[in-house]
Amino acid sequence: MIPEDLSELVSNPRLIPGIHNYCDRWCERCPRTLRCSVFEIEQRNAAQQPSSDQENQSFWKAIEDSLALALQMLEQRLQAEGIELTDELLRQSDRDLEQSANRAANARCVQLARQYARLASQALEQFDRQRSQCKPLGIDFPKPHAEALEIVSWYQSFLYTKLRRATESAQDEIGLDDANGSAKVALVAADRSLSAWGQLLNAYPEHQDAIFPLLTLLQKITSEAEASFPQARDFKRPGLD
Ligand code: SF4
């Protein structure tokens, strides 16, 4: 991808600006791939996979050119804002980032989401074992149940990542929009996970000891996130809500 391609994408009216900012990155299941610049870039990059030494050389040369362009843009921005990147400024920035990350990690909804990811992983292992036992007999889960498992697998750690980002962004006034967008996609993921686990519980009551705590945790995560980000449910994600 070269800078000219990027500027063409930015001005392409077919693409929705920022649609990828608050999506769930599940491109295979996304109904808006044709409107998304990230998807378009990934498709173009995949089509340009290097296949020879010469192509590899051009590939790395393009990356070097992009680095030079990125540094040039950064320099221009810093000059325009009158900022000088001193060592002390960088150290202060590191300290601020660390403090912000620690506060976010201790937020209640983030801790619950971390716990959920761990327990969901254990429950999914039970289903994996069941699947491998049935495989030699030529039996697999019916499609709706396999899809429900796909859903909970996809969102298992996603909730933690997005709630952590929302909590970090909320510490800064200019990050409020990002906090609400990140919390919104986390809430969507929690709703879908609840629904998928509900289906699995209904179909496989023998896994209820693993599933019930997950349903409870998801409900707690939802109420904590809604309390921490009261405007998140109303946030309109570009192209998705
Ligand atoms: S908006 Fe859709 S296509 Fe684009 S990155 Fe997100 S999931 Fe993938």
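Remember, it's a predicted structure, so these values are computed and weren't measured experimentally. (Residues numbered from 1 in each chain as written. Predicted model: local features only at pLDDT ≥ 70, side-chain atom pairs only at ≥ 80, totals over all residues.)

### Regarding the domain arrangement of the chain
Next up, step 1: Considered domain by domain, the chain is made up of domain 1 (3–81) and domain 2 (107–234).
Next up, step 2: Contact with domain 1, which involves 5 residues of that partner, is made by 7 residues of domain 2. (Domains from an automatic or database assignment. Contact = placed C-beta atoms within 7 Å.)

### Overview of the nonpolar core
Next up, step 1: Counting 45 residues, the largest nonpolar core has Leu159, Leu163, Ala186 and Ile221 as its most contacted members.
Next up, step 2: For this core, the elements supplying multiple residues, two or more each, are helix H5 (108–134), helix H6 (143–155), helix H7 (158–169), helix H8 (176–203) and helix H9 (208–228).
Next up, step 3: No other element matches H8, which puts 11 residues into this core.
Next up, step 4: For this core, the domains that each give at least three residues are domain 1 (3–81) and domain 2 (107–234). (Core = buried A, V, L, I, M, F, W, Y, C linked by C-beta atoms within 7 Å. Buried ≥ 20, exposed ≤ 12 C-beta atoms within 10 Å, placed from the backbone. Helix = DSSP H or I, 4+ residues; strand = E, 2+ residues; numbered from the N terminus.)

### Observations regarding the site of the ligand
Next up, step 1: Near the ligand, the surroundings consist of Ile19, His20, Cys23, Arg25, Trp26, Cys27, Cys30, Arg32, Thr33, Cys36, Val38 and Phe39.
Next up, step 2: Split by residue class, the shell around the ligand holds 8 nonpolar, 2 polar and 2 charged. (Near = placed C-beta within 6 Å. Nonpolar A, V, L, I, M, F, W, Y, C, P; charged D, E, K, R; others polar.)

### Some points on the packing of H5 against H9
Next up, step 1: Viewed as axis vectors pointing N to C, H5 and H9 meet at an angle of 155°, and their least axial separation amounts to 9 Å. Our classification of the angle between H5 and H9 gives roughly antiparallel. Here the hand of the crossing between H5 and H9 comes out left-handed. Between H5 and H9, the residues in contact are Arg108, Cys109, Leu112, Ala113, Gln115, Tyr116, Leu119, Ala120, Gln122, Ala123 and Gln126 and Ala210, Ile211, Pro213, Leu214, Leu217, Leu218, Lys220, Ile221, Glu224, Ala225 and Ser228, respectively. (Axes fitted to C-alpha atoms, helices over the stretch in contact; angles between N-to-C directions. Parallel < 35°, antiparallel > 145°, perpendicular 65-115°, else oblique. Left-handed = near helix turned anticlockwise from the far one by under 90°.)

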